[in-house]
There are 10 protein chains.
Amino acid sequence: ASLIPRLPASSPTLFEAKKAKNLTFEAIAKELGREEVAVAALFYGQAQASPEDIQKLSQVLGIQQSTLEDQLAGIPDRGRTLDMPPREPLIYRLFEIVQNYGYAYKAVLNEKFGDGIMSAISFSTKVEKETDEKGDWAVITLRGKWLPYSRF
Amino acid sequence: ASLIPRLPASSPTLFEAKKAKNLTFEAIAKELGREEVAVAALFYGQAQASPEDIQKLSQVLGIQQSTLEDQLAGIPDRGRTLDMPPREPLIYRLFEIVQNYGYAYKAVLNEKFGDGIMSAISFSTKVEKETDEKGDWAVITLRGKWLPYSRF
Amino acid sequence: ASLIPRLPASSPTLFEAKKAKNLTFEAIAKELGREEVAVAALFYGQAQASPEDIQKLSQVLGIQQSTLEDQLAGIPDRGRTLDMPPREPLIYRLFEIVQNYGYAYKAVLNEKFGDGIMSAISFSTKVEKETDEKGDWAVITLRGKWLPYSRF
Amino acid sequence: ASLIPRLPASSPTLFEAKKAKNLTFEAIAKELGREEVAVAALFYGQAQASPEDIQKLSQVLGIQQSTLEDQLAGIPDRGRTLDMPPREPLIYRLFEIVQNYGYAYKAVLNEKFGDGIMSAISFSTKVEKETDEKGDWAVITLRGKWLPYSRF
Amino acid sequence: ASLIPRLPASSPTLFEAKKAKNLTFEAIAKELGREEVAVAALFYGQAQASPEDIQKLSQVLGIQQSTLEDQLAGIPDRGRTLDMPPREPLIYRLFEIVQNYGYAYKAVLNEKFGDGIMSAISFSTKVEKETDEKGDWAVITLRGKWLPYSRF
Amino acid sequence: ASLIPRLPASSPTLFEAKKAKNLTFEAIAKELGREEVAVAALFYGQAQASPEDIQKLSQVLGIQQSTLEDQLAGIPDRGRTLDMPPREPLIYRLFEIVQNYGYAYKAVLNEKFGDGIMSAISFSTKVEKETDEKGDWAVITLRGKWLPYSRF
Amino acid sequence: ASLIPRLPASSPTLFEAKKAKNLTFEAIAKELGREEVAVAALFYGQAQASPEDIQKLSQVLGIQQSTLEDQLAGIPDRGRTLDMPPREPLIYRLFEIVQNYGYAYKAVLNEKFGDGIMSAISFSTKVEKETDEKGDWAVITLRGKWLPYSRF
Amino acid sequence: ASLIPRLPASSPTLFEAKKAKNLTFEAIAKELGREEVAVAALFYGQAQASPEDIQKLSQVLGIQQSTLEDQLAGIPDRGRTLDMPPREPLIYRLFEIVQNYGYAYKAVLNEKFGDGIMSAISFSTKVEKETDEKGDWAVITLRGKWLPYSRF
Amino acid sequence: ASLIPRLPASSPTLFEAKKAKNLTFEAIAKELGREEVAVAALFYGQAQASPEDIQKLSQVLGIQQSTLEDQLAGIPDRGRTLDMPPREPLIYRLFEIVQNYGYAYKAVLNEKFGDGIMSAISFSTKVEKETDEKGDWAVITLRGKWLPYSRF
Amino acid sequence: ASLIPRLPASSPTLFEAKKAKNLTFEAIAKELGREEVAVAALFYGQAQASPEDIQKLSQVLGIQQSTLEDQLAGIPDRGRTLDMPPREPLIYRLFEIVQNYGYAYKAVLNEKFGDGIMSAISFSTKVEKETDEKGDWAVITLRGKWLPYSRF
């Protein structure tokens, strides 16, 4: 609830419709042909909706298309949902992974690719669930284009 | 270089031997039967070395076993390599992914698993390289046990 | 009062009903079969209510069940009640205990269990009152599952 | 290792002797008649050693008594081992417990005791290990004198 | 004015009545048998009102007792009025005294009392005015119980 | 120990001599005709030594006067001993008093004196010990000149 | 505009009247017999208005005297307009002067006056405009009473 | 003393020679034809020395010119002497003036000059001492070129 | 959306009219004879509008001139749109350029111009789009007057 | 000077040789066929040296090639030279440009390119000097590849 002042106007519209329709991100993602994380990011104002996304969201969520067009117009102003370090325990664990393994990732990536970065823009991510005899496992995959530093 | 004061005594020992032997993390990881990221984390003092790891590191890196036993004894004091937010661009991109997609991950994980977190302890990670016509792609996989909140 | 903007909509509903009914956390906890701290955490939006919890809270507090179902639906967005370092003296004392004894706890826990952490998720806690000739004593017990670091 | 510049001169003396003698905190604590956490705190410069503690530490660790008397003289300058928020995952979990349950503890403590705080000075703490079919559990007990606010 | 959102509901009630009645803290303190600083702290939500305090405040300030009972019920949530470092020059001077003389106070207190702290809970304070040929002087007295660290 | 890099060269000189001579601040203060807190502040580089102070410190501590003249020459660079918020529990309690009672002090001081501040420069302070049936009490007195804001 | 929530109620009253009357601070300052900076500070709630100031402000700005008496009653709660470091470029330049020349000012002031400070309370300041062939120059004068540290 | 690690190599050279020669900034400033504050800034590495400055400093301070040429070569790396907010009381008072009067200065400067800033680069400053029957006064003058914002 | 509380009243007026009229910054900039970045800055309250700008904005955007005159009167209070470090990825990249190349820019600028700064006030900037076989490129040009430090 | 502890071992080697040879970045850049800013960044450890760069640096600076190969081996650990916000006035002006115009750049770039960022990796930059009748102007050009957000 108290996250709402940080979110764009589209967020309560989308979340309330999702709750009323009792839909999962998985179901909506299938309709849009996008990843669940991308759909959730769109709900939080962290990803852009294409015109087709808007049309399908309107249908599946039962929201007037003009409302969505108005609220989802423009380009996201990202980075507003979260203060760092995150205080939410689930999100903190991801932060901790960066804190603890940051230099290890850099060392291995530099060894494999040379001097550069993994893009967070030309990038996709997904979440999967695996189950074995030890219990459930969450698997998060990050896939980003390797960008070498330009020589200039 | 200026990272060194933050690292345990084992770090320069390991990095210098790796450079002198001209070895990759990939090669060392194969010897140890561990992931490259785990080996790099071990080099930065962020992962524990088992007695067998120490023995194999001694062999492959040409470091006296007693030196390694002494420097790698005990349990890591993690979290010292990095100030947050990270200033290194490669590591910052990972931080940015958490900042932008943190609530989206939470929403999707909660939908799939209920109330809980993905463990960063009962956890493994790896880095892979993919190449297609658009160029090179880095793929980072995070796999953690799902821990539901205890009811009490 | 000024804490309210940080709390979910359920918090004023619950606290006002508790005050109107003149109930203690102890009494409510007995009804729910949960620890007092868990119940207080639920009031502050820091713990999840099960469907049975909601039903019982509705009864004992005299709140319409549909209101509670609506306000307590979903999974808590934890960590919003408190800025760290805490300024409230009672809470600061707990913070100070972590600050002063943090490494001592780590040293003793690592000695007893090896490399890992005490889970704050697979976790329970309780508060007890003891009285002796010197006065009253508060006893807080933290009990968490030991999670060893995965080798990978 | 990199924690050392933050510690008093006594810390390396004590830790090195403990390692050389291959002693546990448990064993040393038994000799001193103190809790393991207290002994570890003493090693990190966060608790005061009495003259008898010094004498016994000298014996059990094989350190010249005059060295210990010199290095452990005076009153601890507490709070220097840790920057908050803690980056060490084990210690962070304790911090997170305070962050998430701080107001719940306050609510329950105020209900049981009235207006006041649990002392962190007139205070003791211990760590225990429990094992059941689900695995190992760490149990941390905090016991502090209740101090009511003076009316003035 | 802009301090108000940080204060509990009782604060504007009390301050407005005090202004309307044109009363000083000195006068109110006399009625309540408390120190002026305690009364001012009560106005800012930093001290608890006893039932007798509420009754007398109701009388002297001309506020309905039920209003005060409602607004002053419960236990203060202290520490919300001020961000540190304080920006108000008068309050900053007190902060500066702690910053500059903090270790000197510790050295002298430890010398006089041993290892422990001066309680800020079992504590009282008062403000006095002195005048001599050089002008006016403010005298603030802090009196706290000495709490020795428990040996454990 | 780890405080030393923050202190001027005079601090170890003075503290070591004090320890060697087994003198209290009380005894030294009597020699100098100053308050104990002032003497301790001088030891920490937070107060200036007059030529007579230097002469007497040389005698009572058995330090060559030229050494002291050299190390105590010049005007203190104050404020370096402490990071705020203080982590030392004893000093934190003083900080907490400012945090909790800051606006109460301001309200009472403004009522007694008008618009202005209590000087922390034209200022003195002392520490006293009181004992009654409830135990020991520390009493800290702050006395500062009242400075009204200039009208301009 | 977005500065308004930080300002006391008197600020919009004063600024709107000034705009409606199309008056400069210079003109108002002349009426009040004060410096322009003092008048602007009064508008921002950073300086106290005397009864005569209120009377004259009422006349010159065409505001009802009772409104001003009500809104300007009491003693300013200073320091609320600005977060440090300032982000406004004009104000940042003043901050930068303190950052770059702070120790130079201290060195020169200590040389001229001994150990002490320049008061910011017993203090006045003014702004002047000079023009020469190179363009316009702003001249800010700060004049504060020298306060020597008390010996105690 | 503990400021030294933040200063360039030239600073101890200059300060020690100044002390050995028992010279004031005033005397040195006269030799160089510069303001005392500029000379002190030069000593702290916050202002550039011209070749003539170096020659004269060499003469007046009795330092070998080649040493000074080496240590004062290059362009200052400004801003390193001070962490903000400043903890030194004298420097804090200047910071407080910016904090309290920042918007008042902006309002008056904008009224006199339009949209722009007072330069801190095309800038000079000086310190003067005034004495009247009330005591000593420090007068600091800041004079900076007015830079209007470019229209583009 | 959630940026709006930080912006002046003119911002929603301007952005809504721009959206309603379906105009680009490019088109508006042509009307005003200004750079697109300047126009966007004006929309965000970071640049001043001249009387002619107001007149033209009124025409092209179809807003009543008196509304714009009222909302765009006065001089911008700059620096309010953004907390640093920026969380928006696009803006963070610019921040990162300053972080990584800051000292390199300083070294090259000092070599070319001597001791001084590039003005951010007597300054203009523009954005251009280039396209080649590798894709699209954004080109940002910053042009500022060189200001040498005054000798004083 | 005090910047040195933050820089890699190669930095003093390079800067001292440059000073001894009295070479400009311009001259070195010509030898290497790189931009001056890139060369300065290389000196500060913020850009990678190719084998040819190392060979040419060795020649032009008169440093043994093996020394440079050793010190410049590996991939830069960027972002260590600067704490943000920068305190150096020249670098601060660049920071201020991002702070003030950040959203304006975003608005214009999004309008021209759609949703994405300007890369700081696939990026080049240069500094030029222009002179006109008003004086000298610094022109900094930033050119980065436009990266559209991936749809996923």
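Scroll up for the structure.
The rules behind each value
- Residues numbered from 1 in each chain as written.
- Chains lettered and ligands numbered in written order.
- Predicted model: local features only at pLDDT ≥ 70, side-chain atom pairs only at ≥ 80, totals over all residues.
- Heavy atoms only, no water.
- Pairing = 2+ DSSP bridges.
- Helix = DSSP H or I, 4+ residues; strand = E, 2+ residues; numbered from the N terminus.
- Axes fitted to C-alpha atoms, helices over the stretch in contact; angles between N-to-C directions.
- Contact = heavy atoms within 4.5 Å.
- Least-squares fit on C-alpha atoms with pLDDT ≥ 70 in both.
- Buried area = accessible area lost by both parts, 1.4 Å probe.
- Salt bridge = Lys/Arg side-chain N within 4 Å of Asp/Glu carboxyl O.
- Polar contact = N/O pair within 3.5 Å; in protein donor to acceptor, adjacent residues only side chain to side chain.
- Nonpolar A, V, L, I, M, F, W, Y, C, P; charged D, E, K, R; others polar.
- Expected span 1.5 Å × (residues − 1).
- Buried < 20%, exposed > 50% of the residue type's maximum accessible area, 1.4 Å probe, protein only.
- Arc of directions from axis to C-beta.
- Phe/Tyr/Trp six-rings, centres within 6.5 Å; stacked < 30°, edge-to-face > 60°.
- Parallel < 35°, antiparallel > 145°, perpendicular 65-115°, else oblique.
- Left-handed = near helix turned anticlockwise from the far one by under 90°.

### Considerations on the sheet that holds strand β1 (residues 116–132) of chain F
In space, the four strands of this open sheet follow the order β1(E)-β2(E)-β2(F)-β1(F), with antiparallel pairing throughout. This sheet does not close on itself; its edge strands, each paired only once, are β1 (116–132) of chain E together with β1 of chain F. Neighbour to neighbour, the strand axes of the sheet diverge by 20° on average, direction disregarded. Looking at chain direction, β1(E) and strand β2 (residues 135–148) of chain E are connected through 13 bridges and run antiparallel. Looking across to β2(E), one finds that E:E130 is bridged to E:W137. Relative to β1(E), helix α6 (residues 89–113) of chain F is tilted by about 30°, and along the sheet it contacts β1 and β2 of chain E together with β1 and β2 (135–148) of chain F.

### Notes on the relation of the copies chain B and chain C
Overlaying chain B with chain C gives an RMSD of 0.0 Å, the required rotation being 180° about an axis along which the chain moves by 0.0 Å. Viewed as a symmetry operation, the transformation between the two copies matches a two-fold axis. Looking at the rotation axis and the C-alpha trace of chain B, the residue lying nearest is B:S119, at 4.7 Å. The overlap is high: 100% of the interface residues of chain B also sit at the interface in chain C, so the same surface is used on both sides.

### Topic: the relation of the copies chain A and chain B
Copy one and copy two of the chain differ by a rotation about an axis and a translation along that axis. You can overlay chain A on chain B at an RMSD of 0.0 Å; the transform is a turn of 180° with a shift of 0.0 Å along its axis. An overlap of 100% is found between the interface residues of chain A and their copies at the interface of chain B, pointing to a shared contact surface.

### A few points about the interface of chain B and chain C
Counting residues at the interface gives 31 residues for chain B and 32 residues for chain C. Buried area between chain B and chain C, both sides added, is near 2,700 Å², and the carbon and sulfur share of it is 55%. Linking chain B with chain C are four salt bridges, by the criterion used here. One salt bridge connects B:R151 with C:D53, and the closest N-O pair in it is separated by 2.8 Å. For the pair chain B and chain C, the interface holds 20 residue pairs in polar contact (both at pLDDT 80 or more). Secondary-structure elements contributing two or more residues to the side of chain B that touches chain C are α6 (89–113), β1 (116–132) and β2 (135–148) of chain B. A breakdown of the residues in the side of chain B that touches chain C according to their chemical character gives 13 nonpolar, nine polar and nine charged.

### Quick notes on unusual backbone geometry
The omega angle of the peptide bond from B:M84 to B:P85 is -5°, so this bond is cis rather than trans. A positive phi is found at F:N22, a non-glycine position, where the angle reads about 55°. Looking at where F:N22 falls in the secondary structure, it is placed in the loop between α1 (10–21) and α2 (25–32).

### A look at helix α1 (residues 10–21) of chain H
Counted at 1.5 Å a residue, the expected span for α1(H) with its 12 residues is 16 Å, and the 17 Å between its end C-alpha atoms agrees. All of the buried residues along α1(H) are H:S10, H:S11, H:L14, H:A17 and H:K18. An end-on view of α1(H) places all buried positions within 145° of arc, on one side of the element. Away from its buried face, by an angle of more than 90 degrees, α1(H) presents the exposed residues H:E16 and H:A20. Each element contacted by the buried residues of α1(H) is listed here: α6 (89–113) of chain G together with α2 (25–32), α3 (36–43), α4 (51–61) and α5 (65–72) of chain H. H:N22 sits one or two positions beyond α1(H) and adopts a positive phi of about 55°.

### Digging into the arrangement of the chains
The closest approach of any C-alpha atom in chain C to one in chain H is 19 Å; the two make no contact. The smallest C-alpha distance separating chain C from chain I is 16 Å, and no contact links them.

### Looking at the interface of chain A and chain B
Each side of the interface is counted separately: chain A has 68 residues, and chain B has 68 residues. Taken over both partners, the interface formed by chain A and chain B buries close to 7,100 Å², and the fraction arising from carbon and sulfur atoms is 70%. Three residues, A:L90, A:Y103 and A:Y105, lead the burial of chain A against chain B; their summed loss comes to 11% of the area buried on that side. A salt bridge links A:R143 to B:D132, with the nearest nitrogen and oxygen atoms 3.9 Å apart. For the side of chain A that touches chain B, the secondary structure elements donating two or more residues are α2 (25–32), α3 (36–43), α6 (89–113), β1 (116–132) and β2 (135–148) of chain A. Take the side of chain A that touches chain B: its biggest share by element is 24 residues, from α6(A). The class makeup of the residues in the side of chain A that touches chain B is 36 nonpolar, 14 polar and 18 charged.

### Examining the environment of E:Q46
Structurally, E:Q46 is set in the loop between α3 (36–43) and α4 (51–61). Residue E:Q46 is classed as buried on the basis of its relative accessible area, which comes to 2%. For the pair formed by E:Q46 and E:T81, sequence separation is 35 residues and the distance between their alpha carbons is 8.5 Å. The contacts of E:Q46, once residues within four sequence positions are left out, are E:A41, E:R78, E:G79, E:R80, E:T81 and F:N100. Within the structure, E:Q46 has its side chain in polar contact with the backbone nitrogen of E:G79 (distance 3.2 Å).

### Let's talk about the sheet that holds β2(B)
Pairing within the open sheet is antiparallel, and its four strands lie in the order β1(A)-β2(A)-β2(B)-β1(B). Looking at the sheet topology across the chains shown, the edges are occupied by β1 of chain A together with β1 of chain B. Here the strands of the sheet are splayed against their neighbours by 20° on average, with no regard to which way each runs. As paired elements, β2(A) and β2(B) share nine bridges and run antiparallel to each other. Across the sheet, residue A:A138 finds its bridge partner in β2(B), namely B:G144.

### A look at the pattern of salt bridges
Taken as a whole and assessed by the stated rule, the structure comprises 138 salt bridges over all chains. Note that D:E96 and A:R93 form a salt bridge whose closest N and O atoms lie 2.7 Å from each other. With D:E96 in helix α6 (residues 89–113) and A:R93 in helix α6, this residue pair bridges two chains. Of the two residues, D:E96 and A:R93, neither departs from the other in class, the shared state being buried. Three or more residues joined by partner-sharing salt bridges are found here, namely A:R6, A:D83 and I:R87.

### Side note on the side chain of J:R93
In this structure J:R93 comes out as buried when scored by relative accessible area, which is 1%. Here G:E96 takes part through its side chain, which lies 2.7 Å from a polar atom of the side chain of J:R93. Sequence-distant contacts of J:R93, that is, excluding residues within four places in its chain, are made with G:R93, G:E96, H:I121, I:I117, I:M118 and I:A120.

### Observations regarding the packing of aromatic side chains
Counting across every chain of the model gives 104 aromatic pairs over all chains. Between A:F152 and J:F123, the aromatic rings sit 6.3 Å apart at their centres with planes inclined by 80°, giving edge-to-face as the arrangement. You can see A:F152 sitting in the segment after β2 and its partner J:F123 sitting in strand β1 (residues 116–132), one on each of two chains. On the basis of relative accessibility, which here comes to 12%, the residue A:F152 falls in the buried class.

### Looking at the packing of helix α1 (residues 10–21) of chain B against helix α4 (residues 51–61) of chain B
All names here are of chain B. At a closest axis distance of 10 Å, the pairing of α1 and α4 adopts a crossing angle of 40°. By the angle class used here, α1 and α4 are oblique. Facing L14, A17, K18 and K21 of α1, the residues of α4 in contact are L57, V60 and L61. For the contact of α1 with α4, the per-class residue count stands at five nonpolar, no polar and two charged.

### Details of the packing of α6(G) against helix α6 (residues 89–113) of chain J
Between α6(G) and α6(J), whose axes approach to 12 Å, the crossing angle comes to 155°. The angle between α6(G) and α6(J) places the two elements in the roughly antiparallel class. Relative to α6(J), the crossing made by α6(G) is right-handed. On α6(J), the residues touching G:P89, G:Y92, G:R93, G:E96 and G:N100 of α6(G) are J:P89, J:Y92, J:R93, J:E96 and J:N100. Residues of the contact of α6(G) with α6(J), tallied by class, amount to four nonpolar, two polar and four charged.

### So, the environment of B:K106
Mapping B:K106 onto the fold places it in helix α6. In the structure, B:K106 is positioned 11 residues away from B:I117 in sequence and 8.5 Å away in space, judged by C-alpha atoms. Among the polar contacts made by the side chain of B:K106, one reaches the main-chain carbonyl oxygen of C:P76 at a distance of 3.0 Å.

This is a description of form; function is not addressed.
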